[in-house]
Amino acid sequence: MSKVVNYSMANRGQVLRFVASSDLSADESRRLDKMRTAARARQDSLYYQGVDWGLSVPEALEELMAGQADSSADYAGSAYYAALQIIIDHNASDSATLATYSSPVTFFSALDDALSAEGVPAELLPWQYIFSGPPSEIGFRIPRPVDGSPEIGIWPLAKAVPAVEAYRAVLDRIDPELRYDLEELIKALDSWASEWSEGQGAWWWAEDGSIFFSITG
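Because the structure is predicted, anything quoted here is derived from the model rather than measured.

Participant: Help me understand the overall build of the chain in this model?
Facilitator: Scanning the chain from terminus to terminus reveals eight helices and four strands. Listed by position from the N terminus, the elements making up the chain come as β-α-α-α-α-β-α-α-β-α-α-β. A compact globule built from 217 residues should have a C-alpha radius of gyration of about 17 Å, and the chain, at 18 Å, falls within 12% of that. Across its three principal axes, the chain shows a C-alpha extent of roughly 50 × 45 × 25 Å.

Participant: Would you explain the environment of leucine 84 in this entry?
Facilitator: Mapped onto the elements of the fold, leucine 84 is located in helix H4 (residues 76–89). The class of leucine 84 is buried, set by a relative accessible area of 0%. Put simply, leucine 84 and glutamine 43 are 41 residues apart on the chain and 14 Å apart in space, counted from C-alpha to C-alpha. Apart from the residues within four sequence positions on either side, leucine 84 is in contact with Val19, Leu64, Pro134, Pro135, Ile138, Ile142 and Ile152.

Participant: I keep staring at the packing of aromatic side chains and nothing clicks. Help me out?
Facilitator: For any two aromatic rings, the description comes down to two numbers: the centre-to-centre distance and the angle of the planes. Under the counting rule described, the total for this entry stands at seven aromatic pairs. Here the aromatic rings of tyrosine 101 and phenylalanine 108 are separated by 5.4 Å at their centres, their planes lie at 65°, and the arrangement is edge-to-face. Linked through ring pairs, Tyr101, Phe107, Phe108, Trp127 and Phe131 together constitute an aromatic cluster.

Participant: Whenever I open this one, the pairing of strand S1 (residues 3–11) confuses me. Can you help?
Facilitator: Side-chain direction in a regular strand flips from residue to residue, so the side chains alternate between the two faces of the sheet. In terms of burial, S1 is largely enclosed, as eight of its nine residues are buried. Across five bridges, the pairing between S1 and strand S2 (residues 96–101) is antiparallel. Bridging from a neighbouring strand, asparagine 6 pairs with threonine 97 of S2. Across eight bridges, the pairing between S1 and strand S4 (residues 209–216) is antiparallel. Among the inter-strand pairings, asparagine 11 is bridged to a residue of S4, identified as glycine 209.

Participant: Looking at this structure, I do not really get the packing of helix H2 (residues 26–49) against helix H3 (residues 57–65). What am I missing?
Facilitator: One can describe the packing of H2 onto H3 by two numbers: an axis separation of 7 Å at closest approach and a directional angle of 145°. Residues Leu32, Met35, Arg36, Ala39, Arg40, Arg42, Gln43 and Leu46 of H2 form the contact with H3, whose participating residues are Val57, Pro58, Leu61, Glu62 and Met65. By residue class, the composition of the contact of H2 with H3 is eight nonpolar, one polar and four charged.

Participant: Would you take a moment to explain helix H5 (residues 104–117) for this structure?
Facilitator: With 14 residues, H5 extends 20 Å from end C-alpha to end C-alpha; this agrees with the ideal 20 Å at 1.5 Å per step. Those residues of H5 lying buried are Pro104, Phe107, Phe108, Leu111, Asp112, Ala114 and Leu115. Positive phi shows up at glycine 119, right after H5, with a value of about 95°.

Participant: Mind showing me how you'd approach the pattern of salt bridges here?
Facilitator: In a structure, side chains of opposite charge can pair up when their charged atoms sit close to one another. If you walk through the whole model with that rule in mind, you get nine salt bridges. As a salt-bridge pair, aspartate 190 and arginine 168 come within 2.9 Å of each other at their nearest N and O atoms. Of this pair, aspartate 190 sits in helix H8 (residues 176–198) while arginine 168 is found in helix H7 (residues 157–170), placing the two residues 22 residues apart along the sequence. Through salt bridges with shared partners, a single network forms among Asp27, Arg30 and Arg31.

Participant: I'm lost on the sheet that holds S1 in this one. Help?
Facilitator: Two pairing modes exist for strands in a sheet, parallel and antiparallel, and in both the strands are linked by backbone hydrogen bonds. Taken in spatial order, the four strands make up an open sheet running S2-S1-S4-S3, and their pairing is antiparallel. If you trace the sheet from one side to the other, it starts and ends with S2 and strand S3 (151–156), each paired once. This sheet shows a mean twist of 25° between the axes of neighbouring strands, independent of strand direction. Examined bridge by bridge, S3 and S4 share six bridges and lie antiparallel to one another. The partner of glycine 153 across the bridge, within S4, is phenylalanine 213. Of the strands in this sheet, S1, S3 and S4 touch H7, which is tilted by about 80° from S3. Across the sheet, H8 lies against S1, S2, S3 and S4, angled at about 145° from S4, the strand it touches most.

Participant: Explanation requested: the packing of H7 against H8 in the structure shown.
Facilitator: For any two helices packed against each other, one specifies the inter-axial angle together with the distance between the axes. Contact geometry of H7 with H8 gives a least axis separation of 9 Å together with a crossing angle of 135°. As the angle between them shows, H7 and H8 are arranged oblique. Where H7 crosses over H8, the handedness of that crossing is left-handed. Taking contact as the criterion, the partners of Leu157, Ala158, Ala160, Val161, Ala163, Val164, Tyr167 and Arg168 in H7 are, on H8, Leu182, Leu185, Ile186, Leu189, Asp190, Trp192, Ala193, Trp196 and Ser197. Here the residues of the contact of H7 with H8 sort into 14 nonpolar, one polar and two charged.

Each value, and the rule that gives it
- Residues numbered from 1 in each chain as written.
- Predicted model: local features only at pLDDT ≥ 70, side-chain atom pairs only at ≥ 80, totals over all residues.
- Heavy atoms only, no water.
- Helix = DSSP H or I, 4+ residues; strand = E, 2+ residues; numbered from the N terminus.
- Rg over C-alpha atoms; globule rule 2.2 N^0.38 Å.
- Buried < 20%, exposed > 50% of the residue type's maximum accessible area, 1.4 Å probe, protein only.
- Contact = heavy atoms within 4.5 Å.
- Phe/Tyr/Trp six-rings, centres within 6.5 Å; stacked < 30°, edge-to-face > 60°.
- Pairing = 2+ DSSP bridges.
- Axes fitted to C-alpha atoms, helices over the stretch in contact; angles between N-to-C directions.
- Nonpolar A, V, L, I, M, F, W, Y, C, P; charged D, E, K, R; others polar.
- Expected span 1.5 Å × (residues − 1).
- Salt bridge = Lys/Arg side-chain N within 4 Å of Asp/Glu carboxyl O.
- Parallel < 35°, antiparallel > 145°, perpendicular 65-115°, else oblique.
- Left-handed = near helix turned anticlockwise from the far one by under 90°.

Dropping the structure here:
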C-alpha cells in the first residue's frame, strides 16, 4: 500500500500548548473543541474501515492533553500519533503533499545514502527528520505505531535553511531516479524556510517555527 507524505508549518510551542496542557485561553479552548470533533470523525472513519487500535482517537487525545500515553493496547501508538497529528493540524498552516511512495523508508534511506556520498553532512540528511517522531520537548514517551503508520516528523526551519543549500549544491550529481523527489523536497523546505528567514522580526515570526511531516497510508 502506498503512503502519502504531507507537510505543514507550525510553531512547536503552539502545538505543545495542547500536550500536558493547562490554563488554555478562550481561543485555545475553541480550538480544542474543534480537535475533539476531528478526533471523533477520525474514529468514525476507523470504525467504518473495521480498524480497531484498542484505544480510540478521542481517548488518545484526552490522554495527551493530560500529559500521558499509558495505554498497553498493541496498536495504541497509532491512536496517539493520530491524535497528535490532529493537534498539529489545528495549529499549523494548510497541509501540502510532498509525494506518494510505495515505501518512504526505502526511498529516504536511498536518498540519505546518495546525499551522504556527495558530502552532505549527516546532521542535514532527510531520513532523520521525516521519521523523527513527536517534538522532543514532549516530556513523556509516546509509543510509536508498530506498523509505522501514521508517522510524524519535524524539522526546525533554522535547520531547513542549510539543508536546502546543501541539497542544491549536489542536486546535479544525484542519481536521476532520486533527483525529481529531491527537487520536490527542496521546494517544500524552501517554501517555508525562505519566508521564515526573511520574516525575522515580523509579528508572526517565531524562533521555534518548524516543518511538520506526516506519513499516512
